[in-house]
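# Residue-level structure breakdown
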Amino acid sequence: MKIGVVIIFLSLTFFLEFLFPLFQARSKRMRHALINLTFGVFNAFLVGFLFSSLTVFISQWSELNHFGLLHWMNASPLFSGCIAFILFDVWMYVWHRINHRVPFFWAFHRMHHTDLSVDSTTAFRFHTGEIVLSSLMRLAVIPLIGINLNVLMLYEICLQPIIILHHSNLKIPENWDRAFRFLIVTPNMHRVHHSQIREETNSNYASIFSLWDRLGKTFQKRSEFKTLVFGLPEFTLKSSQSFFGMVKTPFFS
Ligand SMILES: [Zn+2]
Ligand SMILES: [Zn+2]
C-alpha cells in the first residue's frame, strides 16, 4: 500500500511541478529525478530485505512482553495509537536534529542537502548509510515507545505524501502555505531547511507536524524565495552531483 501511495502521489506532484513551478527553467529534470529515485528504490529494497522482519519481530516482542511506554500506560487502543503516532513524529524531529549536530551522522545526512534543484524526488535522496543508521535506531525506538505495527504503517503512509509535497518545487500561495503549516510541514517551511545559509539549514527539522520546530525554537520563516539558493556550498561541483559523487559524499568534502 505504501508503494502505491508513493507512486501515485509522486507521479502527480512531479507532473504538477511542470505546470506550476516555483523555480522555472530547470534543465535535466529527468536525469536529476532518475539519480534521486535510484537511491530511493535501492534504499527501499535494502530496508525491506534487512529490516522488515526485524521490525515485525521487535514490535511483536514489545507487545507480548508489555514492554514500552504505551504498554505501561495501559490506555485504550485508540488513545495509545494517537500518542504513538505523535511520539514517533517527535522521534523523527529529534533524530533529524541529531543528524545535523553530530558530525558522523551529518556526513551521511548531508547528501540529502547537496541537491541544488530540490523537488519532489529529493524526498527519496538519502544516502544508504543514513537509511541503515536510522533503521537501526528505529529498532530501539519502536519498543521504547511500544508502537504497534499498524500505527507504524499508518505513520509511514501519512509521511510519504507529506514529504513528497514539502520537497516539491510547486509554487504555493503564501496564505495557503501558512494555513497548512499551522499543522503540517509545508513546501515554504521545508525549503528553508535546504538553503545554503547555515542558520537556515539548521532549522525546520520536523517531518509531519510543524509544532516540534515551534516548541524546539528551530522554526524559521522566509518571506522571499526567489533569492533562496539550495544545496551545500562545498558540494556544488558537477562531480559531486553525479551518482558516484553522491555515493562518496560522506567520505570526501
Ligand atoms: Zn536535514
Ligand atoms: Zn529535505
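Remember, it's a predicted structure, so these values are computed and weren't measured experimentally. (Residues numbered from 1 in each chain as written. Chains lettered and ligands numbered in written order. Predicted model: local features only at pLDDT ≥ 70, side-chain atom pairs only at ≥ 80, totals over all residues.)

To continue, consider the overall build of the protein. Secondary structure summary: the protein contains 13 helices and 0 strands in total. Listed by position from the N terminus, the elements making up the protein come as α-α-α-α-α-α-α-α-α-α-α-α-α. Against the globule reference of 18 Å for 253 residues, the protein gives a C-alpha radius of gyration of 18 Å, in line with a compact fold. Seen through its C-alpha atoms, the protein measures out along the principal axes to roughly 55 × 40 × 35 Å. With 253 residues in all, the protein has 32% of them scored as buried. (Helix = DSSP H or I, 4+ residues; strand = E, 2+ residues; numbered from the N terminus. Rg over C-alpha atoms; globule rule 2.2 N^0.38 Å. Buried ≥ 20, exposed ≤ 12 C-beta atoms within 10 Å, placed from the backbone.)

With 16 residues, the main nonpolar core has Ala-84, Phe-88, Tyr-93, Ile-145, Ile-147 and Ala-206 as its most contacted residues. Breaking this core down by element, the ones donating at least two residues are helix H4 (77-101) and helix H6 (128-145). Ranked by the residues each element gives to this core, the list is headed by H4, at 4 residues. Excluding anything up to four places from it in sequence, Ala-84 contacts Leu-70, Ile-145, Ile-147, Asn-148 and Val-151. Residues Val-6, Leu-10, Ile-164 and Leu-165 belong to the second largest nonpolar core, which totals 8 residues. (Core = buried A, V, L, I, M, F, W, Y, C linked by C-beta atoms within 7 Å. Contact = placed C-beta atoms within 7 Å.)

Here the focus is H4. Its 25 residues place the ends of H4 36 Å apart at the C-alpha level, agreeing with the 36 Å of an ideal helix rising 1.5 Å per residue. Close packing links the buried residues of H4 with helix H3 (69-73), helix H5 (103-113), H6, helix H7 (149-167) and helix H11 (211-215). (Expected span 1.5 Å × (residues − 1).)

With that settled, consider the environment of Thr-122. On the secondary structure map, Thr-122 appears in the loop between H5 and H6. It is 9.8 Å that separates the C-alpha atoms of Thr-122 and His-166, two residues lying 44 residues apart in sequence. If near-sequence neighbours (up to four positions away) are discounted, Thr-122 is found in contact with Asn-36, Asp-115 and His-167.

Between H5 and H6, the shortest axis-to-axis distance is 7 Å and the interhelical angle comes to 125°. With respect to their mutual orientation, H5 and H6 come out oblique. Where H5 crosses over H6, the handedness of that crossing is left-handed. Every residue of H6 that contacts H5 at Phe-105, Phe-108 and His-109 is listed here: Gly-129, Glu-130 and Leu-133. (Axes fitted to C-alpha atoms, helices over the stretch in contact; angles between N-to-C directions. Parallel < 35°, antiparallel > 145°, perpendicular 65-115°, else oblique. Left-handed = near helix turned anticlockwise from the far one by under 90°.)

What follows covers helix H2 (residues 29-64). Between the first and last C-alpha of H2 there are 49 Å, a value that for 36 residues agrees with the 52 Å anticipated at 1.5 Å per step. Maximum bend of H2: about 50°, positioned at Phe-51. Contacts from the buried residues of H2 go to H3, H6 and H7. One or two steps after H2, the chain reaches His-66, where phi turns positive at roughly 50°. (Bend = angle between axes of the 7 residues up to and from the residue.)

With that settled, consider the packing of H4 against H7. The N-to-C vectors of H4 and H7 enclose an angle of 50°; their axes lie 10 Å apart at closest approach. Compared by their axis directions, H4 and H7 come out oblique. Remark: the crossing between H4 and H7 carries right-handed chirality. Residues Gly-81, Ala-84, Phe-85 and Phe-88 of H4 touch H7, and the partners they reach there are Val-151, Leu-154 and Tyr-155. Grouping the amino acids of the contact of H4 with H7 by side-chain chemistry returns 6 nonpolar, 1 polar and no charged. (Nonpolar A, V, L, I, M, F, W, Y, C, P; charged D, E, K, R; others polar.)

Further remarks concern the environment of Trp-95. Positionally, Trp-95 belongs in helix H4. When the C-alpha atoms of Trp-95 and Leu-16 are compared, they prove to be 31 Å apart, with 79 residues separating the residues in sequence.

This paragraph deals with unusual backbone geometry. Unlike most non-glycine residues, His-66 shows phi in positive territory, near 50°. Looking at the element boundaries, His-66 is found in the loop between H2 and H3. Note on His-66: 11 C-beta atoms within 10 Å, which makes it exposed. Its identity is not glycine, yet Asn-204 carries a phi of approximately 50°, on the positive side. Within the secondary structure layout, Asn-204 lies in the loop between helix H10 (198-201) and H11.

By the secondary structure assignment, Phe-14 is in helix H1 (residues 2-19). Looking at Phe-14, the number of C-beta atoms within 10 Å reads 19, which means it is partly exposed. Distance from Phe-14 to Thr-121, taken between C-alpha atoms, is 7.9 Å for residues 107 residues apart in sequence.

Keep in mind that these numbers describe shape and distance, not what the molecule does.
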